[in-house]
Every structure is written in structure tokens, then in C-alpha cells.
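As a plain string of letters, each chain reads:
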Amino acid sequence: MKKFTGTWIVVGLLAALVLFLFVGKPKTREEAKEASLTLVSSDREKLERVELANAGGTFVFEKKDEEWRLTAPRDLPVEESSLNLMKNALSELIASDPVWPEAGADEREKSGLTKPTATVTWKAGDAGGTLEVGREIAKNETFYVTASGKPGIFTARSRTLEIFTKGLPEFRRKKLVDFDRDKVRTLILE
């Protein structure tokens, strides 16, 4: 039994190393920076309600019976591409830069967050949050933005956030007929 003691020590050290690498591994500098800049992180599949208020009005998107609908200002089917852009932004929004770590009234005024361009509130299972989009800076490049649970004001890319500045024409589905084109057997034009 004594001749296996060294082997057991090596096995124990190897197990401790493997456990450290998979469980207790500290974040790299890049991972820590990305975590500090992550404003929104929701499970895309658990999203069930999004309320958006912008210059175009207040829009409510709800998932009912596995189908998304625009329920306010009117009950309409949702345009899939717009819905996907919203889901992408709400599943993982990473800021470009932190601007003001501690934001007061002056900073909110400078960034356009006293009267936000858009306010988004969402629910994803038991989680949810609020995102405020301020004024645009560097035309078509970035917006000022702040999120619940994340103190300070950041900048984030316009292409991720511009969907929240759109109106009803972009949100309602434009398909006239909904069918699977691969199952069409006959088409009659008159």
C-alpha cells in the first residue's frame, strides 16, 4: 500500500488542477473588461415581453402561445427581422466604452438621458430590466446608453440600438400571405 502513496498524491494534485481550471479559473483581462462593459444579458429564448417607448409612441411586444405579437398600440403580427434585432440587443448588449462611471443630473443632460430617445423594458422569465438610449453621437456610430443594474453611462454601437428608435411601419409584419413556399403545389394568377 505504501508504494502507491506517491501516485495518489500526483492524482490528487492533477484533480485539484483540473478543478481549478474548469471551476475556479480567474477571468483573463479581456474577459473582465467584457464583463464590465456588458450592459444587458438575457436569455433570448426566455424573452416574453418587451415594452418600447420612443418618439413614434409606445409599443408592446408579447409572446403568446409561442408566437410574438405587437399588442400595443394595436394588435398586429410582428415583423420577424425587427423582432430578431430587438432580441439580439436584449440577449447581449456590450458597450463600446464607459463614459461616466458615476452619472449625475449634468451627465444625464449631456448624454440626452433626461429625455431618452428610447426606453426599453423587458421580461425574460424571472429576469428583466430597463435600457435607456440617449442621444446619438458621431452620426450613425454610437448612442449614449444606460441600463438597470449597471451604474454609469456608456456608449454603444448604433447598429445594435437603432431598432429601438423605429416606429410602427418597421414593427408590423409586411407579409400579406403566410405559407411555406416549399409546400406550394399550384399557383394560379388571374
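Here's what I pulled together on the structure shown here.

**Observations concerning the overall build of the chain**
Item 1. Scanning the chain for helices and strands turns up six helices and 11 strands.
Item 2. In the chain, which comprises 190 residues, the proportion classed as buried is 31%.
Item 3. A sequence separation of at least 24 residues applies to 55% of the contacts in the chain between residues at least 6 apart.
Item 4. For the chain, the accessible area works out to roughly 13,000 Å², and carbon and sulfur atoms hold 54% of it.

**Focus: the sheet that holds strand E10 (residues 142-147)**
Item 1. The strand order E5-E4-E3-E2-E8-E9-E10-E11-E7 describes an open sheet built from nine strands, whose pairing is antiparallel. Edge strands, defined here as strands with exactly one partner in the open sheet, are strand E5 (76-77) and strand E7 (97-100).
Item 2. The pairing of strand E2 (residues 47-54) with strand E8 (residues 118-124) spans seven bridges and is antiparallel. Of the residues in E8, the one forming a bridge with Asn 54 is Ala 118.
Item 3. On top of the sheet, helix H3 (residues 80-91) reaches E2, strand E3 (57-64), strand E4 (67-72) and E8; it is set at about 100 degrees to E2, its chief contact.

**A look at the nonpolar core**
Item 1. Ranked by internal contacts, the top residues of the largest apolar core, which has 34 residues, are Phe 61, Trp 122, Leu 131, Leu 161 and Phe 164.
Item 2. Setting aside residues up to four positions removed in sequence, Leu 131 forms contacts with Val 40, Leu 93, Ala 118, Thr 119, Val 120, Trp 122, Val 145, Thr 146, Ala 147, Leu 161 and Phe 164.

**Some points on unusual backbone geometry**
Item 1. Going from Ala 72 to Pro 73, the amide bond is cis rather than trans, its omega being 15 degrees.
Item 2. Turning to its location among the elements, Pro 73 is positioned in the loop between E4 and E5.
Item 3. In the Ramachandran plot, Asp 65 falls in the positive-phi region, its phi being about 55 degrees despite a non-glycine side chain.
Item 4. Owing to a relative accessible area of 81%, Asp 65 belongs among the exposed residues under this scheme.

**A short note on the pattern of salt bridges**
If charged atoms from side chains of opposite charge come close, those side chains can pair.
Item 1. Enumeration according to the criterion identifies eight salt bridges in this entry.
Item 2. Measuring nitrogen to oxygen at the nearest pair gives 3.3 Å for the salt bridge that ties Glu 48 to Lys 123. Taken together, the residues span a long stretch of sequence, with Glu 48 in strand E2 and Lys 123 in strand E8 at a distance of 75 residues.
Item 3. According to the relative accessible area criterion, Glu 48 is partly exposed, its value standing at 30%.
Item 4. Residue classification places Lys 123 among the partly exposed residues on the basis of a relative accessible area of 36%.
Item 5. Across the pair Asp 75 and Arg 69 runs a salt bridge, and its minimum N-O distance is 3.1 Å.
Item 6. Note on Arg 69: relative accessible area 24%, which makes it partly exposed.
Item 7. Among the charged side chains, a network of salt bridges with common partners joins Arg 49, Glu 51, Glu 62 and Lys 64.

Conventions used here
- Residues numbered from 1 in each chain as written.
- Predicted model: local features only at pLDDT ≥ 70, side-chain atom pairs only at ≥ 80, totals over all residues.
- Heavy atoms only, no water.
- Helix = DSSP H or I, 4+ residues; strand = E, 2+ residues; numbered from the N terminus.
- Buried < 20%, exposed > 50% of the residue type's maximum accessible area, 1.4 Å probe, protein only.
- Contact = heavy atoms within 4.5 Å.
- Areas by Shrake-Rupley, 256 points an atom, 1.4 Å probe, with all protein chains shown as cover.
- Pairing = 2+ DSSP bridges.
- Axes fitted to C-alpha atoms, helices over the stretch in contact; angles between N-to-C directions.
- Core = buried A, V, L, I, M, F, W, Y, C linked by side-chain atoms within 4.5 Å.
- Salt bridge = Lys/Arg side-chain N within 4 Å of Asp/Glu carboxyl O.

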